[in-house]
Each structure stands twice: as structure tokens, then as C-alpha cells.
Amino acid sequence: HFNWFGVPTIQFPSDLIVIQEIIYKYKPDIIVETGVAHGGTLLFYASILKLLKKKFSIVGIDVLIKKINKKKILSNSLSKNIKLFETSSDNQDTFEKIKKIVNKKKVIVILDSNHSHNHVLRELILFSKIIKKNGYLIVMDTTTEFVNKKHINKNRNFGKGNNPYTAVNEFLKKNKNFEIDRYYENKSFITGCFNGFLKKK
């Protein structure tokens, strides 16, 4: 539970540093994150790209962005580069809007919204369409598969056998254009993205 620019990121620092390396190497024009939460990771990605590029966009999608969190994001000096969509990330109309923003530019997509198998699989199928060669589709919290159910809130619609890990496995069986990048997974060491760093061949 760490902050970036005073805003919670809710990610392992090791994963954030690894993603920073991917951003530096690939230098995307756009980063899309599904699941905004407090907004700390949006600001993290924006601050990294600010150092690398004059023009860039960060897109955050969440079915509910609390007013207090939206205020923290929009009051930051980086907010002019951040677009927020308050809608479901697996919605086809939303995806069409994102596709227009991307418009053949280099993009990294980070999936961290609803962690149920079906939702993540729909996200993977949709957002994989806008990833270019050597680009990344990063799936957070795949390690949910290995967490004892007593540590998962009872009101969650995911758990063992129904989570991002199982969705990634099904996606990779059908989509041979992506592969797991073990280099970054192993480099992170303590990661929430086991099997989740997906690189387009």
C-alpha cells in the first residue's frame, strides 16, 4: 500500500518498477488502464511518459470513479494528459472510443478492473486488438488463483478457478499472437502478475 504523488497505487512496488522498464523500452504513446481505484497508477504512468515524450495520453476506465479520487487525479498537473471513462471496460461501445483514441499509435494496456474470469477474458479479447508487435497487455492480480479464499472478501465475484489467471490461460490457448514474457515476471520477483506480462509477437 504505497502512494505516488500522494495517491495510493495499490500495487507491489516491484511490479511498478518493472512496468516502468517496459514503458521506457517500448515508449508507448498511450497507456490504457482498466480499474482506476484511487488513481495513483494513472499518475505513475503519466509521470514516466512525461519524461519520455512531449505528446502522450493516459486512459483510465472504471465502472465507478469516486468523486474524491477523481478530484485527486484531475487536480494533478498531469491531468491534462489523462482521460477518464466511467463505464465498464468490457463494453463494446467503450472499446470503440478507446480504439479511436489509439488510432494505430503504440499502446500498452494494463487490466486491473473486475477480476472475474469472464470479465478479464472479454477485456483480453477486446484490447488485444489494439496491441502492436512487441507491445504489452499486462494482466494484474493473476495471483488471485493462489490466494486462500479466506483472504478474499466474500462479496467478490472471483476466486480460485475464476480469476485473471484462468482468463489468461484460456486467452493464450486461442490467441497465439501473444506469449508470456518471463523476463519481466522473474525480474519483478514479488509480483501480482504471475503469467500476466503478455507480449505480442
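The structure contained in this document is the topic of the report that follows. Only a predicted model underlies this, so the values are computations on that prediction, with no experimental measurement involved.

Rules behind the numbers
- Residues numbered from 1 in each chain as written.
- Predicted model: local features only at pLDDT ≥ 70, side-chain atom pairs only at ≥ 80, totals over all residues.
- Heavy atoms only, no water.
- Helix = DSSP H or I, 4+ residues; strand = E, 2+ residues; numbered from the N terminus.
- Expected span 1.5 Å × (residues − 1).
- Buried < 20%, exposed > 50% of the residue type's maximum accessible area, 1.4 Å probe, protein only.
- Arc of directions from axis to C-beta.
- Contact = heavy atoms within 4.5 Å.
- Salt bridge = Lys/Arg side-chain N within 4 Å of Asp/Glu carboxyl O.
- Pairing = 2+ DSSP bridges.
- Axes fitted to C-alpha atoms, helices over the stretch in contact; angles between N-to-C directions.
- Polar contact = N/O pair within 3.5 Å; in protein donor to acceptor, adjacent residues only side chain to side chain.

**Some words on helix α1 (residues 13-26)**
Taking 1.5 Å per residue as the helical rise, α1 with its 14 residues ought to reach 20 Å, and the 20 Å between its terminal C-alpha atoms agrees with that figure. Taken together, the buried positions of α1 are occupied by D15, L16, V18, I19, I22, I23 and Y26. Around the axis of α1, the buried residues are gathered within 165 degrees of arc, so they sit on the same side. Contacts from the buried residues of α1 go to β3 (30-34), α2 (40-52), β6 (107-111), β7 (136-139), α7 (182-188) and β9 (197-200). Trailing α1 by a residue or two, K27 shows a phi angle of about 50 degrees, which is positive.

**Some thoughts on the environment of V147**
Note that V147 resides in the loop between β7 and α6 (164-174). Residue class for V147 comes out partly exposed when judged on its relative accessible area of 34%. Sequence separation of V147 and K160 is 13 residues, and the distance between their C-alpha atoms is 7.4 Å.

**Details of the pattern of salt bridges**
Counted under the stated rule, the structure contains 8 salt bridges. With a shortest N-O distance of 3.1 Å, K70 and E86 are connected by a salt bridge. In this pair, K70 sits in helix α3 (residues 67-74) while E86 sits in strand β5 (residues 82-86), placing the two residues 16 residues apart along the sequence. With a relative accessible area of 30%, K70 lands in the partly exposed category. When its relative accessible area of 41% is taken as the criterion, E86 is described as partly exposed. Notably, a salt bridge pairs D90 with R122, separated by 2.6 Å at the nearest N-O pair. Highlighted residues: D90 in the loop between β5 and α4 (92-102) and R122 in helix α5 (residues 117-127), separated in sequence by 32 residues.

**Section: unusual backbone geometry**
Although it is not a glycine, F5 sits at a positive phi angle of roughly 55 degrees. Relative to the assigned elements, F5 resides in the loop between β1 (3-4) and β2 (7-8). A positive phi is found at N195, a non-glycine position, where the angle reads about 65 degrees. Considering the arrangement of structural elements, one finds N195 in the loop between α7 and β9. Overall, N195 belongs to the buried group, its relative accessible area being 6%.

**Here we look at the sheet that holds strand β8 (residues 178-180)**
The 7 strands are arranged β5-β4-β3-β6-β7-β9-β8 in an open sheet whose pairing can be described as mixed. Whereas interior strands pair on both sides, the edge strands pair on one side only; in this sheet they are β5 and β8. Sheet twist, expressed as the average angle between the axes of neighbouring strands with direction ignored, equals 20 degrees. In this structure, β3 lies alongside strand β4 (residues 57-62), joined through 5 bridges in parallel fashion. Bridged to I30 within β4 is S57.

**Some thoughts on α6**
All buried positions along α6 are accounted for by P164, Y165, T166, A167, V168, F171 and L172. For α6, the elements touching its buried residues are α5, β7, β8 and β9. N-cap assignment for α6: the residue whose side-chain oxygen lies 2.9 Å from the backbone N of Y165 is N163.

**Considering the side chain of S116**
Structurally, the position occupied by S116 is in the loop between β6 and α5. Apart from residues no more than four positions distant in its own chain, S116 is found in contact with N157, F158, N162 and N163.

**Remarks on the environment of N162**
Tracing the backbone through its elements, the reader meets N162 in the loop between β7 and α6. For N162, a relative accessible area of 28% corresponds to the partly exposed category. Residues N162 and T144, spaced 18 residues apart in sequence, show a C-alpha to C-alpha distance of 8.8 Å. Excluding its chain neighbours within four sequence positions, the residues that come into contact with N162 are H115, S116, H117, E145 and N157. Of note is the side chain of N162, whose polar atom sits 2.8 Å from the backbone nitrogen of H117.

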